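Descriptive analysis of the structure
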Amino acid sequence: LNLSSLYRVVGEKGCQLRSSESMESTPVAFLPRGSIVEVLQSKVSASVGLRSRRVLVRHAGHERRAETCSTVPGGSSANGSVAQGWASLQSWQGYVILSPLSSLCYTNTRWGPTRPIVRQCGHAAHLRCVEAHCLSLHQRSAGNQAFDGRFSANIEDGEFLCPLCKQLSNILIPDESNEKCDSSQSQVIPLTTSASATMCEEEDGIEVMKNMISATSADVSQIRNVLSRTRQVNYSDPDAESKNKAIYQFGSHLSQGMQQLTDISGAEKAERHAWHDALRRWDFEDDNVIKNILRLSREQLIAWAAVGYGASSSESSGRGLRKEIFGEVDFIVKDPWSGYSKECQDSHPMLLDLRRLVTASAGLFDVLTYEIGKTLGTAEDKKIGSTVPVFGDLISDILEGKSWMDSQNSECNETDQWRIVSSLIASMLCHVSREDAVAPRLEARAVAAAMWVMNGRLSPPPNVVTGPTAVDMNGGMESDENQVDNDVEISRAETDDAVRAAIPPTPLSISRAERNLGIRLESDWGITNPFHIKPNSQTKAPFRPAVASAFLYVPLLAWDLNILAGAVFSSLLSGSKSSPQVTCNELLQSAKILLVGRLTQVLLLPGGFVDPENGASDPMDYDDYDGQWDGTKTAKEGEALKKLLLFCRRKAGVSDDASIDKYDDSALCSAVGNAVLPFCRSLVLLLRASLSTVRQRVKKGQSTNSRTGSMVEALTKLLNGPIAM
């Protein structure tokens, strides 16, 4: 599928096709707004060398999608099912008629164009001390008195200067090292891999990792055991929030840091002010059903992104370094954590920064799990006194590739619900970028879709009189002159309730899916109470808070894998007082699955790696370790890559066996290796931080398994090795 040649009709008046490039030629067909066309030919002006705004397009659709005006040679067929002719990309006044379909892809909209990056000054402080310090700043500002950061910190947005180093700050990261742990509440399950017995001190390099995890398939049973653990809680504890106040504020400050800038333009303010009142109030009202679950979910996604891109930004500082020797330019890679070794494997400053982020994100995951049960569970459910690991199960499903399509029972009610809801999930926004970096209309659609998901399908009166206008069932507005239903008189309060129930209307993706499949989604679809989820069920009903957040039902290959890596590692390290505890085996298995996912993305996506057959070369060809593999090893790895590349292309329907066989083994390994290198280095840094957390918990008595210690030693040797990065 070549998105660069596909365009969508976005002009409000549609698109007129003509028989030739001339605007005076015979009309061929008229395409309504929303039609998808393929550009077959475009012309470039010989005099000025600019592309003409006239293009030859073809539209293949149903008869109702193209209204044929006449039949001309090379134009449309008699029944109007195929239309071909010349159209304008935009009018001479700049009015856009055709917009490239690539501009609507998830690369531009779904995850957003920006990411959170957290930089730490390294100084610690008590939460109450910082709160008192910030309060004094506000008091001095209100009194028009001088204070630290008066001209550099925006205290209204939560910014302040570190009292010690005077660096600009806007967030506090909880430190897990200050928590008191009870080793009696947790234990480590014994490892079952036979590979652990084969590890020895003589092994080094990548072979350590391969020998440790190649004995078993890349299943996620042990990962699921960790992510699906429960912990004992007291839902009636009035001090629960105060005990985790630092973590609650961590998530809130992260979200605030990704909020819209205060100095937005007047046009953007006017556009957001044009939103319906219900959309603008959604984030500020306490809903009786969902309350703060969606807000916490978004904070958790931002925290995962901060972890993943914290590692990514750190590794990029040591990659692609320019080196010139005797006039020859070369690019090298080195360890971004300068001076990292076994002696400082738990105290290196950059490791401490990443470890704090990982453990803080893990603590936020615990808070989210607790709030889900407390907010959405019934009084009887809460008497059980344990959490429901619904988000952990969903992350395990992503790693395992498990979805509703695996069900053998295609006639069950849950399958019908998934067939409808999947269309909404595929079209929803799950961005982590600043709000001013995402189009307001996309933000409004995401908010409206989340409201519809959580409110369910409500059925207000077909036409409710509300003064000068009336709301119909489709959420549109009709004039009073069209009202014919005078049988029911509704009070002003009842009218407001009915209008609120009708807003937002059913999302377009849902209504289209219902119409095409002939299935109607019931008003009580899905599950809102997490305690009602059947963990071992073959087909689970959609969990509506997760559907409203969207990202937890995105398949692995559609994820931004840096964010998913942050999600997996921080989730595995959550529940520091629960059983079972994470071990090196789960960390390595997770890294293996994520690495295979990135490798598949590189091989599957167009332009994922520099094609060696095109004669192009990567300007940053890192060949520091070309001598690590001999000819036999290179041929073996090259053959495996060719098989995986052929498998991926066949699944995508673009297989070309002949072109793959022409690839040179060494060139293919080099091209694909350079493409996956940045993510691999990020995984190494995340493994270092996660392993350091495991070691610290062992020292505090949370883990006493001797076999865990041997695995830690082997993995430590790998991560500290000279070729790890």
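Going by the structure above, here's the rest.
First, a word on what this report is: a plain description of the structure on this page. (Residues numbered from 1 in each chain as written. Predicted model: local features only at pLDDT ≥ 70, side-chain atom pairs only at ≥ 80, totals over all residues. Heavy atoms only, no water.)

**Describing the nonpolar core**
Core analysis: the biggest nonpolar cluster contains 110 residues, and W304, F391, W559 and I563 have the highest contact counts within it. Element by element, the count of residues in this core is highest for helix α9 (residues 349–376), at 14 residues. Beyond its immediate stretch of four places on either side in the chain, I563 contacts W111, R115, L301, W304, A305, Y309 and V432. (Core = buried A, V, L, I, M, F, W, Y, C linked by side-chain atoms within 4.5 Å. Buried < 20%, exposed > 50% of the residue type's maximum accessible area, 1.4 Å probe, protein only. Helix = DSSP H or I, 4+ residues; strand = E, 2+ residues; numbered from the N terminus. Contact = heavy atoms within 4.5 Å.)

**Concerning empty space enclosed by the protein**
Under the counting rule described, the total for this entry stands at three cavities of 30 Å³ or more. What the largest cavity holds in volume is close to 110 Å³. Lining of the largest cavity is provided by 14 residues; of these, R229, F365, D366, T369 and S574 occupy positions nearest its centre. Put simply, the parts of the chain that give the lining of the largest cavity at least two residues each are α3 (221–227) and α9. With three residues, α9 is the largest single contributor of residues to the lining of the largest cavity. (1 Å grid on protein atoms, 1.4 Å probe; cavity = no way out; pocket = protein on both sides within 12 Å on 5 of 7 lines; lining within 4 Å. Points joined across faces, edges and corners; volume = space filled by probe spheres on them.)

**Topic: a positive patch on the surface**
On the surface, R8, R33, R441, R445, R512 and R515 cluster together to form a positively charged patch. At the level of elements, α13 (440–455) and α15 (508–517) are the ones that each hand at least two residues to the positive patch. Take R33: it is sitting in the loop between β3 (27–31) and β4 (36–44). Relative accessible area serves as the criterion here: at 52%, R33 is assigned to the exposed category. (Patch = residues over 30% accessible without salt bridge, like charges linked within 9 Å, V, L, I, M, F, W, Y side chains within 5 Å. Areas by Shrake-Rupley, 256 points an atom, 1.4 Å probe, with all protein chains shown as cover. Salt bridge = Lys/Arg side-chain N within 4 Å of Asp/Glu carboxyl O. Lys, Arg positive; Asp, Glu negative; His and termini not counted. Charge placed at Lys NZ, Arg CZ, Asp CG, Glu CD.)

**Observations concerning the packing of aromatic side chains**
Under the definition given, this model contains nine aromatic pairs. For the ring pair W111 and W559, a centre distance of 5.0 Å and an interplane angle of 35° mean the geometry is tilted. Here W111 is found in the loop between β8 (98–100) and α1 (127–142), whereas its partner W559 is found in the loop between α16 (544–549) and α17 (561–572), with 448 residues between them in sequence. Just as W111 is buried, W559 falls in that class too. An aromatic cluster is built from W111, W304, F365, F551 and W559, whose rings are joined through pairwise contacts. Residue placement shows R544 over the ring face of W525; its charged tip is 5.2 Å from the ring centre. (Phe/Tyr/Trp six-rings, centres within 6.5 Å; stacked < 30°, edge-to-face > 60°. Lys NZ or Arg CZ within 6 Å of the ring centre and 35° of its normal.)

**Observations concerning unusual backbone geometry**
With omega at 5°, the peptide bond leading from S579 into P580 counts as cis. Within the secondary structure, P580 is located in the loop between α17 and α18 (584–604). Positive phi outside glycine occurs at K166, with the angle close to 65°. Tracing the backbone through its elements, the reader meets K166 in the loop between β9 (160–161) and β10 (168–169).

**Thoughts on the packing of helix α19 (residues 631–651) against helix α21 (residues 665–699)**
The N-to-C vectors of α19 and α21 enclose an angle of 65°; their axes lie 8 Å apart at closest approach. Overall, the two elements α19 and α21 adopt an arrangement that is roughly perpendicular. The crossing of α19 and α21 is left-handed. Contacts between α19 and α21 involve T634, A635, E637, G638, E639, L641 and K642 on the former and, on the latter, D665, S666, L668, C669 and V672. (Axes fitted to C-alpha atoms, helices over the stretch in contact; angles between N-to-C directions. Parallel < 35°, antiparallel > 145°, perpendicular 65-115°, else oblique. Left-handed = near helix turned anticlockwise from the far one by under 90°.)

**Quick notes on α9**
Taking 1.5 Å per residue as the helical rise, α9 with its 28 residues ought to reach 40 Å, and the 41 Å between its terminal C-alpha atoms agrees with that figure. Judged by how many residues are buried, α9 sits mostly within the fold: 24 of 28 residues are covered. (Expected span 1.5 Å × (residues − 1).)

**What to know about the packing of helix α5 (residues 245–257) against helix α8 (residues 293–316)**
Orientation of α5 relative to α8, taken along the N-to-C sense of each, is 80°, at an axis distance of 9 Å. Considering their axes alone, α5 and α8 lie roughly perpendicular with respect to each other. Only E299, I302 and A303 of α8 make contact with α5, whose side of the interface consists of F250, G251, S252, L254 and S255. Grouping the constituent residues of the contact of α5 with α8 by class yields four nonpolar, three polar and one charged. (Nonpolar A, V, L, I, M, F, W, Y, C, P; charged D, E, K, R; others polar.)

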